[in-house]
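Chain and residue survey
The chain contents come next:
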Amino acid sequence: MKKSDLDKFKKLLIKKREVMIEEMSGLNIRFDETLKERTGDLSSHSYHMADQGTDAMEREMAAMISSKSGRLVYHIDEALRRIENGEYGKCFNCGKQISITRLKAVPHARFCIDCKSEEEKKNEKFKK
Ligand SMILES: [Zn+2]
């Protein structure tokens, strides 16, 4: 893949990531505010957090990973890493170059269109 194409996809991925993070932090802010309202002032808030920090963090992490945007951010990060180490655009399954058209639609794609549809067929079977 050309360097100029890589740069284009990198920008695309970073932008997409920002949008996703914004979406998710919107949720976090709401969560934070309700907590503050409940616990009163800031000092008791942090004390409270220190007490139950692990629990809350674990819940938050789990929510993030299980959420659609959280998973997407993970895949975007992985794609950005592949750009850095020069593996971007290669199919995880067959090693062929994923078409630019497909990458434009799904910049974090890991499989070429053939392997992707194969995988979807398999998943369909698994569900049944
Ligand atoms: Zn493939």
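Residues numbered from 1 in each chain as written. Predicted model: local features only at pLDDT ≥ 70, side-chain atom pairs only at ≥ 80, totals over all residues. Heavy atoms only, no water.

Along the backbone of the protein there are 5 helices and 0 strands. Written out in order from the N terminus, the α and β elements of the protein read α-α-α-α-α. In the protein, which comprises 128 residues, the proportion classed as buried is 25%. Taken as a whole, the protein presents about 9600 Å² of accessible surface, with 56% of it coming from carbon and sulfur. (Helix = DSSP H or I, 4+ residues; strand = E, 2+ residues; numbered from the N terminus. Buried < 20%, exposed > 50% of the residue type's maximum accessible area, 1.4 Å probe, protein only. Areas by Shrake-Rupley, 256 points an atom, 1.4 Å probe, with all protein chains shown as cover.)

Another point: the coordination of the zinc ion. Protein coordination at the zinc ion: the donors are C91 (SG), C94 (SG), C112 (SG) and C115 (SG), at 2.2 to 2.3 Å from the metal. Geometry at the zinc ion is tetrahedral, judged from the 4 donor atoms that bind it and their angles of 105 to 115 degrees at the metal. (Donors = N, O, S within 2.8 Å, 3.2 Å for Na, K, Ca; no water. Tetrahedral: all angles 85-135°; square planar, octahedral: opposite > 155°, others 65-115°.)

Time to look at helix α3 (residues 68-84). Here α3 spans 25 Å end to end across 17 residues, near enough to the 24 Å set by a 1.5 Å rise per residue. Residue G86 follows α3 closely and has a positive phi angle near 75 degrees. (Expected span 1.5 Å × (residues − 1).)

A separate point is the environment of S67. Structurally, S67 is set in the loop between α2 (42-66) and α3. With 43 residues separating them along the chain, S67 and M24 place their C-alpha atoms 9.2 Å apart.

As a further point, take the environment of G70. Of note, G70 is situated in helix α3. Residue classification places G70 among the buried positions, given a relative accessible area of 6%.

Attention now goes to the pattern of salt bridges. Applying the stated criterion across every chain yields a total of 8 salt bridges. One salt bridge in this structure joins K3 and D7, with 3.3 Å as the shortest N-O distance. Placement of both K3 and D7 in helix α1 (residues 3-39) is noted, with a separation of 4 residues, approximately one turn of the helix. With relative accessibility at 61%, the residue K3 sits in the exposed group. A single salt-bridge network, built from bridges that share partners, covers K116, E119 and E120. (Salt bridge = Lys/Arg side-chain N within 4 Å of Asp/Glu carboxyl O.)

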